[in-house]
Amino acid sequence: PILHSLYAVKHNIFGQPHLAIPRYDSNTTPKRIERLLVAAIIIVLILRLQLVRYRGVIIMITWREHNIHTPQSNGDNDYDSDGEKAFVFNLFDDVADKTLTYKFKSKSSAIDITITLTGREQMCTSTGLAVWGGAETLCNYFLEEHDTDNPTEIFRRGRSRVLELGAGLGLCGLFTAKAFEPGEVMLSDGDVDVLERLQKNIEQNATSSRTTVSCAQLVWGQNLDAFEEEHGKFDVIIASECMYMTPSLQTIWQTVNHLLAESNGVFLYVHQASSQVPNEKVLEMATHCGFVWTTSLSYPLVHLFRRKKI
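Residues numbered from 1 in each chain as written. Predicted model: local features only at pLDDT ≥ 70, side-chain atom pairs only at ≥ 80, totals over all residues. Heavy atoms only, no water.

Trainee: Explain the overall build of the chain to me, using residue names and the numbers behind them.
Mentor: Secondary structure summary: the chain contains eight helices and 12 strands in total. Counting every position in the chain, which comprises 310 residues, the buried fraction comes to 45%. At a minimum sequence separation of 6, the contacts of the chain that also span at least 24 residues come to 66%. Within the structure as shown, the chain displays about 16900 Å² of accessible surface, and the carbon and sulfur contribution to it stands at 51%. (Helix = DSSP H or I, 4+ residues; strand = E, 2+ residues; numbered from the N terminus. Buried < 20%, exposed > 50% of the residue type's maximum accessible area, 1.4 Å probe, protein only. Contact = heavy atoms within 4.5 Å. Areas by Shrake-Rupley, 256 points an atom, 1.4 Å probe, with all protein chains shown as cover.)

Written out as structure tokens, the structure is:
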């Protein structure tokens with residue numbers, strides 16, 4: 001009966017058909033019920049689900065990946081059909097921000113950087129409020145490649161325009177700004193709560209006068225023409241562990257394809273928390289969008305994509 005109510009309700013308070021659901025079968029084996037419960041728990045923990053109640057009965061489960069509304073406003077899903085405020089039960093307690101410190105030093109000591117971030121130590125109510133392991137991997141990749149002078153061909157000092165997608169707390173973008181001093185680094189994210197931290201993290205990490213660092217809201221696959229009109233195209237786009245859900249795979253590549261400079265544009269991406277999307281799917285979509293790639297022996301999950309030359 002508990003699982004039965006979690007799926008939906010068949011009739012609303014007036015007895016009108018609302019949503020057809022499977023009837024509870026008393027002969028269902030305990031093992032099957034156990035599997036369903038485990039699956040539900042995993043979904044809740046991984047996808048940060050919120051349960052939305054209507055008149056005391058759970059009727060919907062929704063995943064809010066992008067908090068694209070302003071903090072003062074609410075999404076349409078927060079209201080029922082009568083225009084009344086719905087009760088939203090948040091499964092995750094509020095967690096206070098902490099000061100997170102990251103130190104990077106290259107073997108040749110050409111780079112010795114400390115980055116201080118304000119954010120969470122673990123994934124809580126937003127995947128962007130904490131630093132994913134892939135972000136550190138990408139920074140360490142840059143460190144190793146710096147000793148071979150390869151990044152100087154990508155990040156032209158004082159000239160290159162760099163965009164980070166799904167920047168979260170901004171570790172990769174801020175590292176890029178400090179290490180390579182390109183002309184501009186723009187940190188982007190779709191979540192307004194994340195953008196607040198991004199702005200703070202930009203302010204507390206001084207960068208060279210050669211480099212302008214800013215942040216902007218960018219929801220993958222949405223309003224790309226308007227974003228390009230305001231900010232232009234970028235010579236380099238970087239991202240880490242953004243394609244962990246199937247729906248994000250196409251929208252991220254759509255965004256990269258739209259905002260990356262046509263000539264000599266480079267997309268650097270690390271994909272180590274695959275979740276729903278294996279690395280093969282990422283590369284398959286890259287091929288579909290007309291990109292080729294290279295990797296390094298030390299960092300096989302970091303891919304450097306370029307448009308295929310015709």
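The structure having been displayed, the exposition proceeds.
Trainee: Give a detailed account of helix H8 (residues 279-288), specifying residues and quantitative values.
Mentor: Quick reminder: α-helices carry 3.6 residues per turn. Residues three or four places apart thus point the same way. Of the positions making up H8, those classed as buried are Asn279, Val282, Leu283, Met285 and Ala286. Each buried residue of H8 lies within a common arc of 160° when the element is viewed along its axis, so the set occupies one face. Of the exposed residues in H8, the ones pointing more than 90 degrees away from its buried face are Glu280, Glu284 and His288. Where H8 is buried, its residues meet helix H7 (246-259), strand S10 (266-270), strand S11 (291-294) and strand S12 (302-307). Count one or two residues on from H8 and you reach glycine 290, which has phi positive near 90°. (Arc of directions from axis to C-beta.)

Trainee: Report on the confidence of the model for the chain, specifying residues and quantitative values.
Mentor: In the predicted model, the chain carries a mean pLDDT of 77, and 68% of its residues have values of at least 70. Mean pLDDT values for the elements of the chain range from 39 in strand S2 (residues 57-63) up to 98 in strand S6 (residues 161-164). The low-confidence segment residues 1-24 (pLDDT under 50) makes 31 contacts with residues lying over four places distant or belonging to another chain. (pLDDT = per-residue confidence, 0-100.)

Trainee: So what about the pattern of salt bridges? Which residues, and what values?
Mentor: Counted under the stated rule, the structure contains eight salt bridges. Arginine 156 serves as the salt-bridge partner of aspartate 235, at 3.5 Å between the closest nitrogen and oxygen. Taken together, the residues aspartate 235 in the loop between helix H6 (224-231) and strand S9 (236-240) and arginine 156 in the loop between helix H3 (133-146) and S6 connect sequence positions 79 residues apart. On the basis of relative accessibility, which here comes to 21%, the residue aspartate 235 falls in the partly exposed class. Residue classification places arginine 156 among the partly exposed residues on the basis of a relative accessible area of 31%. Glutamate 228 serves as the salt-bridge partner of lysine 233, at 3.6 Å between the closest nitrogen and oxygen. One connected set of salt bridges, linked through shared partners, spans Asp97, Arg120 and Arg197. (Salt bridge = Lys/Arg side-chain N within 4 Å of Asp/Glu carboxyl O.)

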